[in-house]
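Residues per chain, in single letters:
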Amino acid sequence: MLLQRVAVVGAGAAGLCAARHILSRVNSFAPPVVFELTDNIGGTWCYDERVGTYDNGRPVHSSMYRDLRTNLPKEVMMFPDFPFDPQLSSFLPHQEVQRYLEKYCHEHHIWPHVRFNTAVENVRPVVLSAEGEKDRTTWEVTSSDSSGRQKTEMFDSVFVCSGHYSEPHIPHIPGTEHFKGRVLHSHAYRCAEPFSGQVVVVLGAKASGLDISIELAKVGAQVTLSHAGPLLTCPLPAEIQQCSPAVAVEEDGRILFQDGSVAAADALMFCTGYNFRYPFLDAAQLGLQVQDHLVSPLYHYMMPPAFPSLFFIGICKIICPFPNFHCQVQFALAVLDGSVALPSPARMEEEVRSELREKVERGVQRRHLLILEQQQWEYCRTLARTAGFTPLPPVVRSLYEEVWRQRRVHPENYRRLNYRLVGDARWELVD
Ligand code: FAD
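Per chain, residues are indexed from 1 in the order of the written sequence. A pLDDT threshold of at least 70 governs which residues receive local features in this predicted model, and a stricter bar of 80 or more applies before side-chain atom pairs are shown or counted, although totals over entire chains, interfaces and linings include all residues. The basis for every side-chain value is the complete set of non-hydrogen atoms in the structure, without hydrogens or water.

## Some remarks on the sheet that holds strand 14 (residues 262-263)
This is how the line gets drawn: Pairs of strands are assigned from DSSP output, requiring at least two bridges between the strands. Secondary structure counts use DSSP, requiring at least four H or I residues in a row for a helix and at least two E residues in a row for a strand, with both numbered from the N terminus.
An order of 12-13-14 is seen for the three strands of this open sheet, with the pairing classed as antiparallel. Edge strands, defined here as strands with exactly one partner in the open sheet, are strand 12 (246-249) and strand 14. The pairing of strand 12 with strand 13 (residues 255-257) spans three bridges and is classified as antiparallel. By the bridge assignment, Ala248 is partnered in strand 13 with Leu256.

## Here we look at the site of the ligand
As a reminder of what qualifies: Throughout this document, a residue counts as near a molecule or strand when at least one of its heavy atoms sits within 4 Å of that molecule or strand. N or O atoms closer than or at 3.5 Å make up a polar contact, with two conditions inside protein: a donor-capable atom paired with an acceptor-capable one, and, for residues adjacent in sequence, both atoms drawn from side chains. Residues are grouped as follows: Ala, Val, Leu, Ile, Met, Phe, Trp, Tyr, Cys and Pro are nonpolar; Asp, Glu, Lys and Arg are charged; all remaining types, including Gly, are polar.
Taken together, 32 residues form the shell around the ligand, and within it Glu36, Thr44, Trp45, His61 and Asn71 come nearest. Interatomic distance of 2.9 Å between a backbone N/O atom of Val120 and a nitrogen atom of the ligand. The set of elements that each furnish at least two residues to the shell around the ligand consists of helix 1 (13-23), strand 4 (119-128) and helix 5 (321-336). Broken down by class, the residue content of the shell around the ligand amounts to 18 nonpolar, 13 polar and one charged.

## Notes on the domain arrangement of the chain
Rule in force here: For the domains described, the bounds stem from an automatic or database domain assignment. Here a residue-residue contact requires only that any non-hydrogen atoms of the pair lie within 4.5 Å. Joining two parts hides part of their accessible area as seen by a 1.4 Å probe, and the buried area is that hidden amount summed over both.
In terms of domain boundaries, the chain breaks down into domain 1 (6-166 + 274-395) and domain 2 (176-270). For domain 1 and domain 2, the distance between their C-alpha centroids amounts to 33 Å. On the side of domain 2, 13 residues touch domain 1, which itself brings 18 residues to the contact. Buried area between domain 1 and domain 2, both sides added, is near 1,100 Å², and the carbon and sulfur share of it is 45%.

## A few points about the side chain of Arg415
The cut-off we apply is this: In this scheme, a residue with accessible area under 20% of its type's maximum is buried, one over 50% is exposed, and one in between is partly exposed, where area comes from a 1.4 Å probe on protein chains only.
Tracing the backbone through its elements, the reader meets Arg415 in the loop between helix 8 (394-409) and strand 19 (418-422). Looking at Arg415, the relative accessible area reads 12%, which means it is buried. In this structure Arg415 touches Arg69, Thr70, Asn71, Phe91 and Asp211, once residues within four positions along its chain are discounted.

## Let's talk about the nonpolar core
Across soluble globular proteins, nonpolar side chains show a tendency to be buried alongside one another. Definition in use: For the purposes of this section, nonpolar cores are sets of buried Ala, Val, Leu, Ile, Met, Phe, Trp, Tyr and Cys residues that join through side-chain atoms within 4.5 Å.
By size, the foremost hydrophobic cluster in this structure holds 119 residues, and its most contacted members are Phe79, Leu101, Phe159, Leu216, Met269, Ile315 and Phe322. Each of domain 1 (6-166 + 274-395) and domain 2 (176-270) contributes no fewer than three residues to this core. Sequence-distant contacts of Phe159, defined by excluding residues within four places in its chain, comprise Val6, Ala7, Val8, Val9, Ala18, Phe311, Ile313, Ala332, Leu333 and Leu336. With 13 residues, the next largest nonpolar core counts Phe179, Val201, Leu203 and Ala246 among its residues.

In structure tokens:
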């Protein structure tokens, strides 16, 4: 039997997970080719002091900051089949996650299959027709190495694992050009010290906005945390004041907020999230729409219905990322090896559209359609049931939800807690 050839775009956690499962199915798949534009694995977790562009002019990928500690405990953050070192505390500095991913690579013999410093530039479907046979899609993948040499190869399928925390989303605020201080997005934030003693307006109070505000407060910055949500009622350092959304920058450089107040500041930091961006894909050709916060239609949040041998891994938001990748990858491979039979493309498209329609009717904003949150558990269970692999243990959900509760109440110190798993269904606090 001919082994299928798979291209994996990106050697972050999602791409490594894809490679690990492909390598374990030697009867169906040839070893994958993992294309990685940087010189290391890890993606987000590969900390880089540089901001802006690399020497070769490509934009810096990772948005990691120097003192980041994980916002999930290692007990649920891990790939379910690959625990972290049990000696480590639950909430880890980013270096430990990078070490973990490097160990994952070693133990699953992934390193030799990664082509470093190689950017995928174009992924194009080529439909092969033969008389009396069903049309078959293959994929033409064009990549370029560090010296700019291009290479085009054919694959049976492509896993898009290029991440979606690299392309800053910066909402338009009229008059920003009048601002006299430093304007930056959290993508370019590395550490707090340069802001010591300064007045900083942080826009957005989601994970990064809140974490960075707390870091800034610790070095004595005065922070105005400007956001549209309800006032946070959790204890915050005295240096952080909350404020309504910024609506304009006035001609004198002061920032005007929705409630009519104005403030002068030394820095304006956008913690306003990221856009999806796939410069190597022709979305229209794939029947997809790629917008700032939405890629659609994707069957099971993975496949364009017309091309179900292209898989986006890890595109959903507010999920437990590594366990989610673990389920998506196994489902995708079950589709490719024929153990999952898909509905017709028209049926898949209709299912996706009706699910999205139903979400919109429930009041979900278009920009939030890829947020899974509560839905993630049923989603992963469905993938496991359909493809016949072991579902996530129930403790992943119960500990994940406990930590979210703790984060909301104690954003400054929930990371002091340590947990231990007790079997598949229970966790306990460790002193
Ligand atoms: P990435 O890690 O972004 O990897 C994508 C890879 O693709 C990169 O190596 C990139 O170089 C490569 N690539 C991109 N384009 C190309 C191309 N054209 N050709 C070749 N290679 C390409 N998750 C948690 O579970 N816990 C946390 O505590 C947590 N904290 C986070 C904090 C921050 C600041 C951020 C930004 C994210 C955090 N996340 C956290 C989410 C995190 O992004 C995921 O856990 C996970 O690392 C995403 O992996 P990925 O492989 O999808 O993407």
